[in-house]
Amino acid sequence: MRQEITGALPHYYSDRLKSKLNMIRFVPTVIVEAPSGFGKTTAIRDFLDEKISQSTPVYWVTAIDETPAAGFRRLCFEINKIDADAGKRLLQIELPNAANIGEASDAVRQIQCAHETYLVIDNFQYLPVEIAFLSALFEHGGKGLHIIIITQILRREIQATIAGRGFLQITAADLRLEAADIRRYYRLAGLNIQSEDAQFVARYTEGWIIAVYLQFCAFQETGTFSDTKGILALMEYLVWDKFTKAQQTFLLRLSPFGMVTLRQACTLIGCNTLPEYAADALNTPFIRYDPAGRKYELHSMLAELLLQKRTERGAAFERECILRAGDYCRGEGRISEAFGFYWKAGDYERMLSLDLSGLTLEVIGNTPFSELALTIGQNCPVEIKRKNILPMLKVAWALLTAGENDPFNELMEELYVMLDADSLKGTSNLLGEWTLLSSFRCFPSLDGMIPLLRQAAVLLGGRCSQVIQPTAPWCFGNYYPLSEFHIRPGEADREADALEEYIALYSRLTNGHGSGADVLFRAELAYYRGNLGEAEILAYKAVYLSESNRQSIVQLGASLQLAEIALHKADTAGWQHAVDSMERAVSYPSQDTFVVRSALDIIRGALFNELQNQANIAGWLKNREFTGNRLLPYIFSYALFVHLSYLMQQGEYPRLIGTARAAYPEGLPDRPFRDMLLSLTLAAGYLAEGDRTAAAQLVERAAEMALPDGLVFPFASYSWLLQGMTGELIEQRYPGLSNSYHEVRERFLSGWTVLHRDMFPDELPADLTAREYEVARLAAEGLRNGEIAEKLSMAESTVRAHLRAIFQKLDIDRRAKLAEKLK
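Residues numbered from 1 in each chain as written. Predicted model: local features only at pLDDT ≥ 70, side-chain atom pairs only at ≥ 80, totals over all residues. Heavy atoms only, no water.

### Some words on the overall build of the protein
Here's step 1: Across its full length, the protein holds 44 helices and ten strands.
Here's step 2: Looking at the protein as a whole, 57% of its 823 residues are labelled buried.
Here's step 3: Total accessible area on the protein stands at roughly 34300 Å², and carbon and sulfur atoms take up 49% of it.
Here's step 4: A distance of 3 Å separates the average location of the 84 positive side-chain charges in the protein from that of its 101 negative side-chain charges. (Helix = DSSP H or I, 4+ residues; strand = E, 2+ residues; numbered from the N terminus. Buried < 20%, exposed > 50% of the residue type's maximum accessible area, 1.4 Å probe, protein only. Areas by Shrake-Rupley, 256 points an atom, 1.4 Å probe, with all protein chains shown as cover. Lys, Arg positive; Asp, Glu negative; His and termini not counted. Charge placed at Lys NZ, Arg CZ, Asp CG, Glu CD.)

Put into structure tokens, the structure is as follows:
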């Protein structure tokens, strides 16, 4: 017999769950993990509403199925409300990846919060953050901060990370209702059921609160409990079927979004005021209204049902819903999201109607835009390409940026044919854009690029490019113009003149893109020749020009040069200032991208390697985790060089040699500067392994690449590792550079010793002079006094005098103890 139910069903929690919820106030981190339908969010909201003082700040961020970067930014805005310094750092860093995870983790660990505060991250599974970042989040330093993670089932590697960490975990087992709980739950609403009925409900619902609720609704409707298995089936019968056709269509229009505003809902159904039937549809227990954000949030189970029902309506209706969502995002200026919807719908016309300039380095969904650009270039119908040549040129630029040279060339040829065949007036601007972009087919040969730039300038008629924006990372992230545009040994000065001419043309056409790169080239050239005064003036000039035009990559390169110059001058404060200024160089919102952050990590890695402080090098560089961080091919070699240098400092010489030979079996003959650094690094590895012949050949190769242009500094800096081989070669083969070499070498050694001692005082004997330290290092490597004297060009008696002073300062009595003291 049907029983009359006297009231609505209130929220109910088992005693074991309430016991765990009450512990939240006493722990820094809580993880609530269970599938959809277990009432995770409701339980936490009720606890915070009922048990926490209204004066206690609660910050709540709900992740949705959006671009990863957008979700991370919303999280950062909430952290910014708790600690402005940490929030600002995280907003500058961008979505954590292998390149910036160290910096992001450090920012989270430094969160300061003295007063009781709660940060809730709901639907955490939609935030694809690195495990290291998650660990840092759990280890936050805010004494009064409680972080609550609400998530569906975590990935196995994340579960392994949190296992045994002492965090409070609330799982499905805690949230599940047993038969006795179900009887008490229903009794609160005036429904008394027998034990066997409660067991029936428990068996069919498996204790999921949403399914238990739906069974309650079924009893209200029919007087009996449903034996229909599956929450979605129950929802369809008890919720979906109760909506009118108009309400169902309205909800399906909302379905591409996890959360919607009232205005957004109106736009999606094409009205100014929400009709009554639509407002009634929003008034369901499965749609929660957030008064603070003025948004309606769809329960994940309802969202899943809507997705299923949208598909059942057919491909045409589903496509229409997705396109409406894209049109809404486009109207709101959310270009990345709009493109994602248009991509899902396969609408090339709409994709190309967007301004693609800002998407080159974006990730749409979980796919880099460059991969989507590849598909557009290959599959977009010809007639659509012909009507959208400017957007297609932006697609080509994205391909070039990602190193997809063959698809870039193919698309450029196709677009040129379209331009050539186009008899319409006003195509000179498009031809100018094409010519400008086409100049990169000669990259990095300035002799080939400059004539094309002149042609582009005429065709563009004083207009700036709409394809290459000044916000793009200069030279695809390459902060070392000397390594890119110096392509012929012995012609560096001529190439410096050519780059100056090139930048004057190129920067004018691209509204300042690359400003200061030509000056930086000359600064690098002067520095590697040992002309420190000239290099410093030019580096500061490059900083000014690049900073004035917000060219982060150039500014990073110039800051690197200033740090290197400070080392030679034994200027610890200057070195630290140059390194600190790099953060300012990457802070421009328009250029704060993973490319720029990767370059920053690489530069810092190179500097710390130089000072033999491997602890501060980013983990992804030490472990060669280059794949996951979307590293652009143009700066791959710099990242690999830092990794190889790290292996060298760690004494992993076989691994160093094997990795370098696998990556560059023929070396880098078309890039003399990079080839020289690779050769010297390999030579150090071979020498350490006892193969002096191979080392000597590589040093000779490096000399052929660098010394015709007088680039003596790398040979001076490698003199320790190569046991004087570089000095011997210069004395024999390039005697005109001998004085410069020895001057640079002595200056570098002296500056390095002072800087290393100041930066890492616990790692270097405090009282040794630069010359004593050099003698001590060679003696620790096992060289006899005569060999040391020969390598350092001093009398053997002088070596003995230095060793006596060293033993006295280090308080040792034999050479065997040197290695331990110098660690």
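### Structural notes on the pairing of strand S8 (residues 295–298)
Here's step 1: Inspection of the sheet shows strand S6 (residues 259–261) paired to S8 by three bridges, in the antiparallel sense. The partner of Met259 across the bridge, within S8, is Glu297.
Here's step 2: Across four bridges, the pairing between strand S7 (residues 287–290) and S8 is antiparallel. Residue pairing across strands places Ile287 opposite Leu298, the latter belonging to S8.
Here's step 3: The hairpin turn running from S7 into S8, its antiparallel successor, is four residues long, and Arg294 in that turn takes a positive phi close to 50°. (Pairing = 2+ DSSP bridges.)

### Points about the sheet that holds S8
Within a sheet, neighbouring strands are paired by backbone hydrogen bonds and run either parallel or antiparallel to one another.
Here's step 1: In space, the three strands of this open sheet follow the order S6-S8-S7, with antiparallel pairing throughout. Since the sheet does not close on itself, it has two edges, and those belong to S6 and S7, each with one partner. Neighbour-to-neighbour, the strand axes of the sheet open up by a mean angle of 25°, direction not taken into account.
Here's step 2: Sitting on the sheet, helix H14 (residues 262–269) is in contact with S6 and S8, with an inclination near 90° to S6. (Axes fitted to C-alpha atoms, helices over the stretch in contact; angles between N-to-C directions. Contact = heavy atoms within 4.5 Å.)

### Quick notes on helix H28 (residues 517–529)
Here's step 1: Spanning 13 residues, H28 covers 18 Å between terminal C-alpha atoms, matching the ideal 18 Å at 1.5 Å per step.
Here's step 2: Counting buried positions along H28 gives eleven out of 13 residues, so the element sits mostly inside the fold.
Here's step 3: Residues of H28 that are buried include every one of Ala517, Asp518, Val519, Leu520, Phe521, Ala523, Glu524, Leu525, Ala526, Tyr527 and Tyr528, and no others.
Here's step 4: Once H28 finishes, Gly530 follows within two positions and takes phi at roughly 95°, a positive value. (Expected span 1.5 Å × (residues − 1).)

### Side note on the sheet that holds strand S4 (residues 145–151)
Here's step 1: Read from one edge of the open sheet, five strands run S2-S3-S4-S1-S5, paired in parallel fashion. One side of each edge strand has no neighbouring strand; the edge strands of this open sheet are strand S2 (58–62) and strand S5 (168–171). Strand-to-strand twist of the sheet, defined as the mean angle between neighbouring strand axes without regard to direction, takes the value 15°.
Here's step 2: Of the strands in this sheet, strand S1 (29–33), strand S3 (117–122) and S4 touch helix H6 (residues 131–138), which is tilted by about 140° from S4.

### Some details on the pattern of salt bridges
Here's step 1: Inspection of every chain in the model, using the stated rule, returns 39 salt bridges.
Here's step 2: Lys394 is the partner of Asp355 in a salt bridge, and the nearest nitrogen-oxygen pair spans 3.0 Å. Separated by 39 residues along the polypeptide, Asp355 in the loop between helix H19 (348–353) and strand S9 (363–364) and Lys394 in helix H22 (residues 389–401) bring together distant segments of the chain.
Here's step 3: Classification of Lys394 by relative accessible area gives buried; the value is 11%.
Here's step 4: What emerges from the salt-bridge pattern is a single network uniting Arg319, Asp327, Asp347 and Arg350. (Salt bridge = Lys/Arg side-chain N within 4 Å of Asp/Glu carboxyl O.)

### Regarding the state of the cysteines
Here's step 1: Counting across every chain of the model gives zero disulfides.
Here's step 2: Considering cysteine sulfurs only, Cys113 is the nearest to Cys76, which forms no disulfide, with 16 Å between them.
Here's step 3: Exposure remark for Cys76: the relative accessible area of 1% places this residue in the buried category.
Here's step 4: Free of any disulfide, Cys271 has its nearest cysteine sulfur in Cys266, 4.2 Å distant. (Disulfide = S-S within 2.5 Å.)

### Some thoughts on the packing of helix H34 (residues 636–649) against helix H36 (residues 672–688)
The relative placement of two packed helices comes down to the angle between their axes together with the axis-to-axis distance.
Here's step 1: As a packed pair, H34 and H36 sit with axes 10 Å apart at the nearest point and diverge in direction by 20°. Comparing the axis directions of H34 and H36 gives the class roughly parallel. Regarding H34 and H36, the two cross each other, and that crossing is left-handed. Contacts between H34 and H36 involve Ser637, Tyr638, Phe641, Leu644 and Met648 from the first element and Arg674, Leu677, Leu678, Thr681 and Ala684 from the second.
Here's step 2: When the residues that make up the contact of H34 with H36 are grouped by side-chain class, the tally is seven nonpolar, two polar and one charged. (Parallel < 35°, antiparallel > 145°, perpendicular 65-115°, else oblique. Left-handed = near helix turned anticlockwise from the far one by under 90°. Nonpolar A, V, L, I, M, F, W, Y, C, P; charged D, E, K, R; others polar.)

### Examining the packing of aromatic side chains
Here's step 1: Counting across every chain of the model gives 43 aromatic pairs.
Here's step 2: With a centroid separation of 4.4 Å and an interplanar angle of 25°, the aromatic rings of Phe476 and Tyr634 are classed as stacked. On the criterion of sequence distance, the pair formed by Phe476 in the loop between helix H25 (446–460) and helix H26 (481–485) and Tyr634 in the loop between helix H33 (619–622) and H34 is long-range, its members being 158 residues apart. Like Phe476, the residue Tyr634 is buried in the burial classification.
Here's step 3: Members of the aromatic cluster, joined through ring pairs, are Tyr479, Tyr480, Tyr527, Tyr528, Tyr638, Phe673, Phe713, Trp720, Phe748 and Trp752.
Here's step 4: We note Arg45 situated over the ring of Trp60; from NZ or CZ to the ring centre the distance is 3.8 Å.
Here's step 5: If you follow Lys242 out to its NZ or CZ, it ends over the ring of Tyr237, 5.1 Å from the centre. (Phe/Tyr/Trp six-rings, centres within 6.5 Å; stacked < 30°, edge-to-face > 60°. Lys NZ or Arg CZ within 6 Å of the ring centre and 35° of its normal.)

### Considerations on the environment of Leu505
Here's step 1: As for its placement among the helices and strands, Leu505 is situated in helix H27 (residues 492–509).
Here's step 2: With relative accessibility at 13%, the residue Leu505 sits in the buried group.
Here's step 3: Considering only alpha carbons, one finds Leu505 and Asp811, 306 residues apart in sequence, at a separation of 63 Å.
Here's step 4: In this structure, Leu505 is in contact with Ile450, Leu453 and Arg454, ignoring residues within four places of it in sequence.

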